[in-house]
Amino acid sequence: QVQLVESGGGLVQAGGSLRLSCEASGRTFGIYMMAWFRQAPGKEREFVAAIHWNSGSTVYAEAAKGRFTISRDNAKNTMYLQMNSLSPEDTAVFYCAANEGRGQAYEYWGQGTQVTVSS
């Protein structure tokens, strides 16, 4: 089992920045990929970015490219999402997730952290 805890959400003005953190505990040696998802009010949850836990290779959704940066610190078992140039359209609950193998579904999820961007 892997436990995930997000932090770093909050209220920010449009154009501002936030850095989200996701700390993993438990069976962290088995993590293959970690990712960020978000769910805006009235919308389905959507993928934001993912990172390979060992290699650090990354993949981004189009909406995140150029504004968001995903990273991880293996020594701290923590993943980050640096978000710049935020807009009200980025308002959502952000979730981190993890899986344990290539092609596997993300089976571990955090509780989510609210990001609100005011205009």
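Let me sum up the structure you'll find in this document. Remember, predicted model here, so these are calculated numbers, not experimental data. (Residues numbered from 1 in each chain as written. Predicted model: local features only at pLDDT ≥ 70, side-chain atom pairs only at ≥ 80, totals over all residues. Heavy atoms only, no water.)

Taken as a whole, this structure holds five salt bridges when the rule is applied. Across the salt bridge formed by Glu-100 and Arg-27, the nearest N and O atoms sit 3.0 Å from each other. Of the two residues, Glu-100 sits in the loop between strand 9 (92–99) and strand 10 (108–109) while Arg-27 sits in the loop between strand 3 (18–26) and strand 4 (33–39), which places them 73 residues apart along the sequence. Residue Arg-38 is joined to Asp-90 by a salt bridge in which the shortest nitrogen-to-oxygen separation is 2.9 Å. (Salt bridge = Lys/Arg side-chain N within 4 Å of Asp/Glu carboxyl O. Helix = DSSP H or I, 4+ residues; strand = E, 2+ residues; numbered from the N terminus.)

Below, the discussion takes up the sheet that holds strand 1 (residues 2–7). In space, the four strands of this open sheet follow the order 1-3-8-7, with antiparallel pairing throughout. Of all the strands in the sheet, the pair left with one neighbour each is strand 1 and strand 7 (68–73). Recorded for the sheet is a direction-independent mean angle of 15° between the axes of neighbouring strands. (Pairing = 2+ DSSP bridges. Axes fitted to C-alpha atoms, helices over the stretch in contact; angles between N-to-C directions.)

This part covers the pairing of strand 11 (residues 113–118). The alternating pattern of strand 11 places Thr-113, Val-115 and Val-117 on a buried face and Gln-114, Thr-116 and Ser-118 on a face that is not buried. Taken together, the four bridges between strand 2 (residues 10–13) and strand 11 define a ladder with parallel strand orientation. By the bridge assignment, Leu-11 is partnered in strand 11 with Thr-116. Relative to strand 11, strand 9 is paired through three bridges, and the arrangement is antiparallel. (Buried < 20%, exposed > 50% of the residue type's maximum accessible area, 1.4 Å probe, protein only.)

With respect to the secondary-structure elements, Phe-94 resides in strand 9. Phe-94 sits 89 residues away from Val-5 along the chain, and the two C-alpha atoms are 11 Å apart. Dropping the residues within four chain positions of it, Phe-94 is found in contact with Glu-6, Leu-20, Trp-36, Phe-37, Arg-38, Val-48, Phe-68, Leu-81, Met-83, Gly-112, Thr-113 and Val-115. (Contact = heavy atoms within 4.5 Å.)

Turning our eyes to something else, we now look at the state of the cysteines. Tallying each qualifying case throughout the model produces one disulfide. Between the sulfur atoms of Cys-22 and its disulfide partner Cys-96 the distance amounts to 2.1 Å. What sets the handedness of the Cys-22 and Cys-96 disulfide is the S-S torsion sign, and at about 55° it is right-handed. Here Cys-22 is found in strand 3, whereas its partner Cys-96 is found in strand 9, with 74 residues between them in sequence. (Disulfide = S-S within 2.5 Å.)

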